[in-house]
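Each chain, written out:
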Amino acid sequence: MPGTDSARAAGSSRDLRFLDPAVIARLGSMELKARTVVEGFLSGLHRSPYKGFSVEFAEYRQYMPGDDLSTLDWKVYARSDRHYVKKFEEETNLECHLLLDVSASMAYRGGAAMSKLEYGSVLAASLAYLMHRQRDATGLIEFDEKITGRLPASGRAGHLHSILLALEKIAPGARSNVGRPLHQLADALGKRSLAVVISDLLDDPDSVVRGLKHLRFRGTDVIVFQLLDPHEIQFPFRGASRFTDVESDDAVTADPARVRAGYLEQMAALRGRYERELKGAGIDFLTLDTSKPLDFALLAYLDARSRRK
Amino acid sequence: MSFLTPLYLFGAALIALPVILHLLRRDVAPPVPFTAVSLLRKSPVDRSRRHRLRDLILLAARICALLLLAASFARPYHAAAPATTRTTIVAIDRSFSMGAPSRFERARILARQAIDQAGGDRVGVIAFDDRADLVARPGPAGEARAALAGITPGFGGTRYAAAFDKATELLADEDHARLVVVTDLQRSGFDESGAVLPERIELSVLDAGAQATNLSVSNATIDRRRVTATVRNYGGTPRTADVRATIDDRQAPARQVTIPANDALDVTFDAAADATRATLSVDDADGYAADNQRFAITESRTLPRVLIVGGGPGAASGFYLTRALQADAEEGADFDVRSVTGSAFAAMTADQLHEQSVVALLSTHGIDRRAGEPLRTFLKRGGGLFVAVAPDVDAAVLSALLDWQPPLLPRDIRAPGMLAATDLRHPVFRPFDAVAANFGQVLVERAWHIDAGSAWRVVARFTDGAPALVERIGPEARILLFTSDVDRRWNDFPLHPAFVPFAQEVVRYLGAHPPAVSAYLVGDVPAGVAPSPGIVRAGERTLAVNVDPRESRVDRVTPAEFQQLVTRSSAETRPRAERLAQQVESQQNYWRYGLLLMLATLVVEAFVGSR
């Protein structure tokens, strides 16, 4: 993802502090969370190569103390000997759908400050907030083994509030079946739309890949955020334990020290397969550690958004 | 399978430990909610079933190891089937009373019959008198029968306890056994206690015959130019017999005497004053031959050796003491006196000092620290030390030599008065009795005044109360200290008649040793001396060895009385069973295999546990 590293480097520790899930988790409403994430993220971008990205020139206005000097139009100044700053305006012709997995496995919280569902909700809210700032029409779809909730995409003022309210009230659902709702949505979403899938994808990979490819095949741009808890990534357990599946009665008694290597191998294989097959289908895929800041996700979105221009 | 120490089997209760741990281990696998359980299934995990199997194998291995450990400590053994054949021991009396005419032949016949009647039993033979010897180990009857031919009557006395002890030892492993005693049933064989036989051993007694009469020389002495034989008649009628004496290889004329029934008579022969040995005999063809002769010697007289330690060469110290000790008694001097200088004494070793009975220390001149260790060793070995204070006796040297703590700190006193025996019961003064007052004639001009304290016991004092003769208190040392001198420099004691007996009594007391024994019975002879009567040399000593006079008696017990006089023991059964079990277990050594197996189990456990 171009510019990711430099963008990360550009974000000061002060700014990233507001992207830390542990800080976000302590904030009150979803709107506040989303605004904190996005504003923090964007303030980090001020010195990044993404400056002015995806926005259009709107007008000039007289410079006022406090304005960013980088927005000063030196050509106008040269011609008129007066200080004017450029005013930008985002495009508004994109339809974005946030597909949030609310299955029971998303409620898992191991070593992070937020559960995957909470993290996914904040991510969805942040994306919605960011999309709203860019005047994109934004919609929200919740699903587990089926679609459990849907807010159609809209760019109206006040629609963001509805999305944030829905995200705030979200509750874990039943067991996962990511492929099935994706197939349902493939025909329903517009051709020039963008689908952001937020899920742990701990499901049958064949079914998941088929569903996502179906979506992509119908002309929808797809970004997939696979959310994983640190415990799912590192498997740091100690002592013999009986691991019970949160979505079923399945259980395995094992000594973590003995099975860790095998598990990590399986997990890496799963992620590798998603990455390989989804990228091959033109789908952006990114695994997010729920203990890490959200800037990765936002950058990934902006990157995908820029490619659509 | 039996166990030698079954209490250790309680240790098997330790198997509860791994069982509990196993159960606890199950409890310590708590449920952990997780999302990617399907990935755990796909990875090469320890499936719970496999895990359970491994745990069960580990549990079984640990239980096995503990069980094997407990069983090994319990010393398992496989009890052998009891023997089907019985053992018979034939004990034949070989005391000198069995030497009566035709007595032993009859005993052999009876023993042979006993062997024949033993049937299929294994048969062993022992011969006994004061002690019992195994003649034929329990085995085929033929060997036992052949062994009988080699037994002859000896010179010992009868002691049935010796036969019973030997038979018990031989039959220790037998549940049922038989002891046949072939004897002349002398009552004297029960004189000493200890005739005990386990109940499991069947006892039979075969009478080899009775003796109606017997003459014996029951005692022989050499004393005051006379040799005396005590001749005893054990018969019910008076007997007339010739008594003979051979004194120092010279045959004395025989004397015919008549001894009353069941009585004794002293028969005396004249002898030279220096007679040292005599053989006395009585003619008795009907009685026991071994007791017809008795041997006597004069007790060897070893003079106590006294070492007088004087001053330097040419010093006159010790003159009076030497003369006093060498004063002639009726049979010559009572002491072997030798004088040495202080430096010569310092050069003597502990072994050289050990040859002395008493050391009389009259001067410390020329004595250095070297003498300390040998002198202390000499005292520990029972030697005596007499110290007479003189101008050349240094208290500091004396204290250092004898390691006295606190050291002796005397002060000179002048004219302490006359000598007075304080403790007339002391062995030194006891012989003086009423004449002890003669010490009051001794005028003492100078002496040491020592503080007796708790280290010394005052035996005599001067008339001013100062201690004159003190004895060191202690378990090891026999030390007398005379606080004035014995060389007429500080007093006139050597000129008084009491000096000689005083000196001799002091040395006799300090050098007292038990008298040497020179007369032995056949059954008690010291090692290296043949158990047969006679006058024999044992190293530098001459010994008279005689038969036990108790064996000369002819009074008997009946076979029924014999049985009653034997104490039958049943308490021996259990230790015997344990002993048997111990023997079997020590032969089988199953515990070693148990421990090896346990180690193998632990290796398996470690192998399974590491997987």
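These numbers come from a predicted model, not from an experiment.

The rules behind each value
- Residues numbered from 1 in each chain as written.
- Chains lettered and ligands numbered in written order.
- Predicted model: local features only at pLDDT ≥ 70, side-chain atom pairs only at ≥ 80, totals over all residues.
- Pairing = 2+ DSSP bridges.
- Helix = DSSP H or I, 4+ residues; strand = E, 2+ residues; numbered from the N terminus.
- Axes fitted to C-alpha atoms, helices over the stretch in contact; angles between N-to-C directions.
- Parallel < 35°, antiparallel > 145°, perpendicular 65-115°, else oblique.
- Left-handed = near helix turned anticlockwise from the far one by under 90°.
- Contact = placed C-beta atoms within 7 Å.
- Core = buried A, V, L, I, M, F, W, Y, C linked by C-beta atoms within 7 Å.
- Buried ≥ 20, exposed ≤ 12 C-beta atoms within 10 Å, placed from the backbone.
- pLDDT = per-residue confidence, 0-100.

K.L.:
Just to check I follow, could you spell out the sheet that holds strand β15 (residues 277-282) of chain B for this structure?
P.N.:
By way of backbone hydrogen bonds, the strands of a sheet pair with one another, either parallel or antiparallel. All names here are of chain B. With respect to topology, four strands assemble into an open sheet ordered β13-β12-β15-β16, the strand pairing being antiparallel. Edge positions in the open sheet fall to β13 (250-259) and β16 (293-297), since each of these has one partner strand only. Pairs of neighbouring strands in the sheet enclose a mean axial angle of 20 degrees, with direction left out of account. In the sheet, β15 pairs with β16 via five bridges, with the strands oriented antiparallel. Among the inter-strand pairings, Thr-279 is bridged to a residue of β16, identified as Phe-295.

K.L.:
It is not clear to me how the sheet that holds strand β26 (residues 519-521) of chain B should be interpreted in this structure. Could you clarify?
P.N.:
All names here are of chain B. What the three strands build is an open sheet, ordered β26-β28-β27; its pairing is mixed. Looking along the sheet, the strands with just one partner apiece sit at the ends: β26 and β27 (534-538). On average, each strand axis in the sheet is inclined to that of its neighbour by 35 degrees, with strand direction left out of account. Pairing of β27 with strand β28 (residues 541-546), which is carried by five bridges, proceeds in the antiparallel orientation. Pairing of Gly-534 across the sheet is with Val-545, part of β28.

K.L.:
Sorry if this is basic, but what is going on with the packing of helix α9 (residues 205-217) of chain A against helix α11 (residues 256-280) of chain A here?
P.N.:
Each pair of packed helices gets described by two things: the angle between the helix axes and the distance between those axes. Residue and element names in this part refer to chain A. Running from N to C, α9 and α11 point in directions that differ by 25 degrees, and their axes come no closer than 11 Å. When the interaxial angle is binned, α9 and α11 end up roughly parallel. For the crossing formed where α9 meets α11, the hand is right-handed. Contacts between α9 and α11 involve Pro-205, Val-209 and Leu-212 from the former and Leu-270, Arg-273, Tyr-274, Glu-277 and Leu-278 from the latter.

K.L.:
Could you clarify how one ought to interpret the nonpolar core in this entry?
P.N.:
Nonpolar side chains in soluble globular proteins generally cluster together in the buried interior. One finds A:Leu98, A:Ala128, A:Val196 and A:Phe225 to be the most contacted residues of the largest nonpolar core, which totals 81 residues. Residue contacts for A:Phe225: discarding those within four places in its chain leaves A:Leu123, A:Val196, A:Val197, A:Ile198, A:Leu286, A:Leu288 and A:Ala297. In terms of nonpolar packing, the next biggest core, distinct from the first, is built from 75 residues, B:Val90, B:Phe155, B:Ile222 and B:Phe562 among them.

K.L.:
Where do I start with the confidence of the model for chain A in this structure?
P.N.:
Low pLDDT marks regions whose predicted coordinates should not be analysed in detail. All names here are of chain A. Considering every residue of chain A, the mean pLDDT works out to 77; 75% of them sit at 70 or more. When pLDDT is averaged over each helix and strand of chain A, the minimum, 40, is found for helix α1 (residues 4-10) and the maximum, 91, for helix α10 (residues 230-234). In the predicted structure, residues 1-18 sits below a pLDDT of 50 and forms 32 contacts with residues beyond four places in sequence or in another chain. Predicted confidence for residues 46-55 stays below pLDDT 50, and this span has 25 contacts to residues more than four positions away or in other chains.

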